[in-house]
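# Geometric and topological summary
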Amino acid sequence: MTDGSSKGPDKYNFSTECVTIDNPDAGKDQFNSSSVPIYQSATFKGMNGEYDYSRSGNPTRTHLQHHLAKISSAKHAFAVSSGMAALDVIARILKPGDHVVAGDDLYGGSNRLLGYLQSNAGVVVHHIDTCTPSTVEQYLDKERTRLVLLETPTNPLIKICDVQEIASRVKAVCPSAIIVVDNTMMSPYLQRPLNFGADVVYDSATKYLSGHHDLMAGVVICNRDDLAKHMSFTINSVGNGLGPFDSFLLLRGLKTLAIRMDRQQASAKIIASFLNQLQFQVHYPGLKNHPGHHTHFKMAKDAGAVLSFETRDIKTSERIVGAAKLWGISVSFGAVNSLISMPCLMSHASIPAHLRAERGLPEDLIRLCVGIEDWEDLIDDLECSLVQAGAIRRREEQSTSSTLSSPEGSLERVGEERALGWQRCLPSDANNASMDGALQQPHTSGDAENIVVSAPGKVILFGEHAVVHGVTAIASALDLRCYGCLGARSDDTIHLVLPDLHSEYSTKVSALPWAETEVEKSDASDGDGNDVDMNPTLIAAIEKTLPPSITGKIRGAVVAFVHHYMSLCYPTKPSLTFTARSSIPIGAGLGSSAAYSTCVSAALLLYMQKVVINRQRATPHISHSGRKYIGVDIAATVNKWAFASERILHGTPSGIDNSVSVFGGAISYARGRAQPMIPLQGFQSMLLLLANTHVERDAKAVISRVHALKANQPGLFDECMRRIQDVVDEAVRCFQDTDLPRESMLVGLGKLVAANHAQLELLGVSHPALEMIIAKLKAYGLQTKLTGAGGGGCTVTLLPDSFGAGGESGKSGESAHTLAHVTSNLAQNGFSSIVTTVGGSGLGVLIDKKVWDMRLVDQDARESVAPLAGIFTQSSAEELAGKMKECGHWVFV
Ligand code: PLP
């Protein structure tokens, strides 16, 4: 059959190329028709003609394929009967035993096809978060990975993956694997993944390429002759080449691709900005607060016309969708008409609910596919739907700078304390004006003023619950961290930004309750932190200033930050922005709040120079990667403030979480001991698998169950306590026995893990989901226990060293394979898991190397440094650790 091999480089700009359809069989059209004729014929007469049977080739389809190759600047193009048919043609390259690595936010139909291949064709599919290249790397198998399937932006969560980075990592490990990109959201107008290392790109041409929702089609393009030959063979064998009439319609649609897309995305930007400023969680790569904004614009010309947003309530979302008039309720996207849908009830309903939850697909998510209607009509209709659904309300009084203005009055989000100034602007200004609603960047006067700190989460290895009753517990720092960035601003405001909780808070410094506090007394003016404690009067006064809509974790984070700000920054009262990011799962019992407390405390103490780190001497060639650079006296001061913050957040914490977060390593803690906290000497870093049940924990209820057991069955309870103390003592001996071969130590600790869990089960703090994980991992010979309060939350499993990166070749093949199997087995049951290490460094402070070097140069050079704060807010939680490492030089306690 004839594919659409292109004749050479583009001659014109894209929109011109779209409307100029060359005839691949130049001179053969007897009437010189200016529109491509429809050869509605199944067969062609004669023996030696170019065409004989339309399954193998048809002149209208050839025209189309030629045109597709030309506008995509690709060597080969194929047109098939649907987007799914395109994926099917590509997937037929796979053989039984081959591995596929694919995204976890794939289009539902792609998911279904891969599932079919997994159960019927012996192909192993790993659905993972492809937005993090290192995660992709973890799932590569040199021998077996044959195909990596990427979508960017994904649909409907609009996540971005870095095709170039992934392609280069995949090719380094598995040179024969092919990188396939579903480019449906972008079309060749906006994004050309072949230029970034993809081998094959496909589009559902049902969407933007045709543009009118009047045909089904799929398009595959590639530059490699071998792949083209294979796919051409498949299309001819299967018979799913696009029919002549649909080929004609698709050719017609393609002529207006650029002009449609320009109009649609200009309106999409305005709509994204409108929703963003009403403080909905909006997913759109054109917004600067989108975590993949930079990565997206590295690859794509613009942001496209699909966005999604969360309302935090399924019923509200249903009402919004139901109330829309101009926005059609429909699956699919890419047509000239605007569409609205709830993916979890519609396009993605074929993905089981537990998998949707595991992949982070919010049930209340609304997807908007913006068409070519007048943008003001679209906004009016959306605004009416939001009001009718009770998601926003109109205020009749004059609009102020803290409300959105609308022809009917000002708008505000129901349940939010404020909305920001939304100005209607012309689509032509959209690039600039509409993006003003993006999350505010810290107002800094330069990177030199940014203080960036980090602190680890923790895991309790042994002794949880029992520690409350005097038994020793062992906690260790995790290799997952919270990061804090503190920058100066100049507008009498403090601004707390919590992107991972989708929240921010700001207030005028002058509006804070300074008069009602005893700030001078609680201010540790000499910096040694002797008087440090939380100040209940100050907390009560801060609470009074907060709107009731700020609740839960966010309220705690705001109160702790403002309390420490007022305590440490009096009487200077600087204007500041503090942004906190977390790569520690929040609320899973892994010490995310202690790490936050540590970051808040350290950043404010450093900013006010109440503790001083000698940056001059922290040269980049410092030994052992900056470890142990920060002295214990500084750490002790930070720890006192971090403990005060933990008290604000949790009432009566033991102090173990913040101590591990500040000091790192491992700590043994026993309540009644003269010195409750003792650093565990000899503790070696170990590899750990953390699995999350995603079962919400009610820690207080679980703790009171243990208290009830103590009262009702004291014999059983005391025996449990004794056995847990034995386990902990044995673990301490194990850590301290430096002559014990490491392998024996790990085997021994594994047994202790199992023994500790058995006691926790007797105490009644386990949960069927925890037991399920434990049983599954036991089948692989791995010992697991719950960690934290139990009743849900996470498990910990000690992994043999061979499961980590081994030698130059990376993970040893068999262990990496087992690990991939373990994690996908857990994932299939709805449990997410992460491999991490314990026992690393505590508090870290970034000494921005670039800024540091610039100090020696002039002011202009300093201003050319990329803003650190931007990297900080715009990276995904997974990317952050890597990017922060690149930003400069870190020193640690
Ligand atoms: N890829 C994406 C991103 C899609 O959204 C769709 C359909 O919605 C497809 C592929 C499948 O395309 P088709 O419906 O044309 O088979």
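Criteria and thresholds
What you see as residue numbers is a count from 1 along each chain, following the sequence as written. Only residues with pLDDT of 70 or above have their local features reported here, since the model is predicted, and side-chain atom pairs are shown and tallied only from 80 upward, although totals for entire chains, interfaces and linings are computed over all residues. Here the side-chain values reflect all heavy atoms present in the structure, with hydrogen atoms and water set aside. UniProt positions are given in the numbering used here, feature names are shortened, and annotations may be inferred rather than shown by experiment. Strands are runs of DSSP state E lasting at least 2 residues, helices are runs of H or I lasting at least 4, and numbering of each runs from the N terminus. Exposure classes here rest on a 1.4 Å probe applied to the protein chains alone. A residue is buried below 20% of its type maximum, exposed above 50%, and partly exposed in between. Residue-level accessible areas treat just the shown protein chains as cover; the underlying method is Shrake-Rupley with a 1.4 Å probe. Salt bridge, as applied in this entry: a Lys or Arg side-chain nitrogen positioned within 4 Å of an Asp or Glu carboxyl oxygen. Nearness is defined per residue: one heavy atom within 4 Å of the molecule or strand is enough. Within 3.5 Å is the distance limit for a polar contact, defined as a pair of N or O atoms, with the added protein rule that one can donate a hydrogen and the other accept it, and that residues adjacent in sequence qualify only through two side-chain atoms. Gly counts as polar in this scheme, as do all residues outside two lists: the nonpolar Ala, Val, Leu, Ile, Met, Phe, Trp, Tyr, Cys and Pro, and the charged Asp, Glu, Lys and Arg. The quantity called pLDDT is the predictor's confidence in a given residue, expressed from 0 to 100. Residues are treated as being in contact if the distance between any of their heavy atoms lies within 4.5 Å. In a helix, the anticipated span is given by 1.5 Å times the number of residues less one. Following DSSP output, two strands are said to pair if at least two bridges run between them. Orientation is described by lines fitted to C-alpha atoms, with helices fitted over the stretch in contact, and by angles between N-to-C directions that extend from 0 to 180 degrees. We define a nonpolar core as any set of buried Ala, Val, Leu, Ile, Met, Phe, Trp, Tyr and Cys residues linked to one another through side-chain atoms lying within 4.5 Å. All the domain ranges listed were derived from an automatic or database domain assignment. In this context, the arc is that of the directions from the helix axis out to the C-beta atoms. Between 30 and 60 degrees the pair is tilted, below 30 it is stacked and above 60 it is edge-to-face, where a pair is any two Phe, Tyr or Trp rings, Trp via its six-membered ring, whose centres lie within 6.5 Å. Angular relationships are summarised with four words: roughly parallel below 35 degrees, roughly antiparallel beyond 145, roughly perpendicular across 65 to 115, and oblique for the angles in between. Helix crossings get a hand from a simple test, with the near helix turned counterclockwise from the far one by less than a right angle marking a left-handed crossing and a clockwise turn marking a right-handed one.

In the nomenclature of an unreviewed UniProt entry, the chain corresponds to Cystathionine beta-lyase from the organism Wallemia ichthyophaga. UniProt, in the comment section headed Subcellular location (unreviewed entry), describes the chain in these words: "Cytoplasm". Turning to the chain, the UniProt record has this under Cofactor (unreviewed entry): "pyridoxal 5'-phosphate".

Time to look at the overall build of the chain. Helix and strand counts for the chain come out as 30 helices and 28 strands. The buried share among the 893 residues of the chain stands at 57%. Entry remark: accessible area of the chain is about 35,600 Å², with carbon and sulfur atoms responsible for 52%.

Taken as a whole and assessed by the stated rule, the structure comprises 29 salt bridges. A salt bridge links lysine 70 to aspartate 22, with the nearest nitrogen and oxygen atoms 4.0 Å apart. Note that lysine 70 is positioned in helix α2 (residues 59–71) and aspartate 22 in the loop between α1 (14–19) and α2, a separation of 48 residues in sequence. Accessibility expressed as a relative area gives 11% for lysine 70, which makes it buried. Residue class for aspartate 22 comes out partly exposed when judged on its relative accessible area of 31%. Several salt bridges share partner residues, and in doing so they unite Lys171, Asp199, Arg224 and Asp226 into one network.

Around the ligand, the structure places 14 residues, and the nearest of them are Met84, Asp182, Ser204, Thr206 and Lys207. Within the side chain of aspartate 182, one N or O atom sits 2.6 Å away from a nitrogen atom of the ligand. One of the side-chain nitrogen or oxygen atoms of serine 204 is found 2.7 Å away from an oxygen atom of the ligand. In the complex, the protein chains occlude 93% of the 380 Å² of accessible area that the ligand would expose alone. Counted by class, the shell around the ligand contains five nonpolar, six polar and three charged residues.

Moving on, we get to the confidence of the model for the chain. Residues of the chain with pLDDT of at least 70 account for 86%, and the chain-wide mean is 86. When the criterion is pLDDT under 50, residues 417–448 qualifies, and its contacts beyond four places in sequence or with other chains add up to 103 contacts. Low pLDDT, under 50, characterises residues 851–866; the stretch is placed with 14 contacts to residues that sit more than four places away or in other chains.

Attention shifts here to α2. Over its 13 residues, α2 extends 18 Å from the first C-alpha to the last, a length consistent with the 18 Å expected when each residue adds 1.5 Å. Counted residue by residue, α2 has 13 buried out of 13 residues, so it is predominantly covered. You can read the cap of α2 off the contacts: a side-chain oxygen lies 2.8 Å from the backbone nitrogen of threonine 60, and it is on asparagine 58. Taken from the residues just after α2, serine 73 is the one with a positive phi, measuring 50 degrees.

Attention now moves to the sheet that holds strand β9 (residues 306–310). With mixed pairing, five strands are arranged side by side in an open sheet as β8-β9-β12-β11-β10. Both edges of this open sheet fall to β8 (281–283) and β10 (328–329), since each of them pairs with a single strand only. Pairing of β8 with β9, which is carried by three bridges, proceeds in the antiparallel orientation. Within the sheet, the bridge partner assigned to valine 282 lies in β9 and is phenylalanine 309. Its contacts with the sheet place helix α12 (residues 314–323) against β10, β11 (339–341) and β12 (366–369), and it is angled at close to 30 degrees to β12.

Read from one edge to the other, the open sheet built from seven strands follows the order β1-β7-β6-β5-β4-β2-β3, with strand pairing classed as mixed. Strands with a single pairing partner mark the edges of an open sheet, and in this sheet they are β1 (76–80) and β3 (124–128). Pairwise comparison of adjacent strand axes, ignoring direction, gives a mean angle of 20 degrees for this sheet. As judged from the five bridges shared by β1 and strand β7 (residues 218–222), these two strands associate in the antiparallel manner. Of the residues in β7, the one forming a bridge with phenylalanine 78 is valine 220.

Membership of the largest hydrophobic core comes to 101 residues, with the highest contact counts inside it found for Phe462, Tyr565, Phe578, Tyr596, Met686 and Leu749. Both domain 3 (451–681) and domain 4 (686–838) contribute no fewer than three residues apiece to this core. Residues Leu64, Ala177, Phe280 and Leu378 belong to the second largest nonpolar core, which totals 92 residues.

What follows is about the pairing of strand β21 (residues 666–669). Side chains of β21 alternate between two faces, with Ala666 and Ser668 and Ile667 and Tyr669 buried alike. Pairing between strand β17 (residues 473–488) and β21: four bridges, direction antiparallel. Along β21, the bridge assignment pairs serine 476 with alanine 666.

Before going further, it helps to spend a moment on unusual backbone geometry. At the junction of asparagine 155 and proline 156, the peptide bond is cis and its omega measures out at 15 degrees in the coordinates. Tracing the chain through its elements places proline 156 in the loop between β4 (145–151) and α6 (163–173). In the segment running from tyrosine 570 into proline 571, the intervening peptide bond is cis, with an omega of 5 degrees. Within the element layout of this structure, proline 571 appears in the loop between α18 (552–569) and β20 (576–582). A positive phi angle, near 50 degrees, is found at serine 73, a position not held by glycine. Inspection of the secondary structure puts serine 73 in the loop between α2 and β1. Of note, the phi angle at arginine 312 is positive, near 75 degrees, even though the residue is not glycine. In this fold, arginine 312 is placed in the loop between β9 and α12. The exposure class of arginine 312 is exposed, given its relative accessible area of 57%.

Time to look at helix α17 (residues 536–545). Among the residues making up α17, those that are buried are Leu538, Ile539, Ala541 and Ile542. Projection of α17 onto a plane perpendicular to its axis shows the buried side chains occupying an angular sector of 165 degrees, all on one side. Every exposed residue of α17 that faces more than 90 degrees away from the buried side is listed here: Pro536 and Lys544. Of the residues flanking the start of α17, the one acting as N-cap is asparagine 535, its side-chain oxygen 3.1 Å from the backbone nitrogen of threonine 537.

You can see serine 575 is positioned in the loop between α18 and β20. Looking at serine 575, its side chain comes within polar contact range of the main-chain nitrogen of aspartate 492, at 2.8 Å. Each residue touching serine 575, except ones within four places of it in the same chain, is listed here: Gly487, Ala488, Arg489, Ser490, Asp491, Asp492, Thr493 and Val509.

A few words on the packing of aromatic side chains. Scanning the entire structure with this criterion turns up 13 aromatic pairs. For the pair phenylalanine 561 and phenylalanine 578, a centre-to-centre distance of 5.5 Å together with 15 degrees between the ring planes defines the contact as stacked. Here the residue phenylalanine 561 occupies a position in helix α18, and phenylalanine 578 occupies one in strand β20, the gap between them amounting to 17 residues. The exposure classification of phenylalanine 561 matches that of phenylalanine 578, with both residues buried.

Helix-helix packing: each pair is described by the crossing angle between the helix axes and the interaxial distance. At a minimum axis separation of 10 Å, α18 and helix α19 (residues 592–607) run at an interaxial angle of 25 degrees. As the angle between them shows, α18 and α19 are arranged roughly parallel. When the axes of α18 and α19 are compared, the crossing they make is right-handed. For the pair α18 and α19, contact is made by Ala557, Phe561, His564, Tyr565, Leu568 and Cys569 and by Tyr596, Val600, Ser601, Leu604 and Leu605, respectively. Considered class by class, the residues forming the contact of α18 with α19 number nine nonpolar, two polar and no charged.

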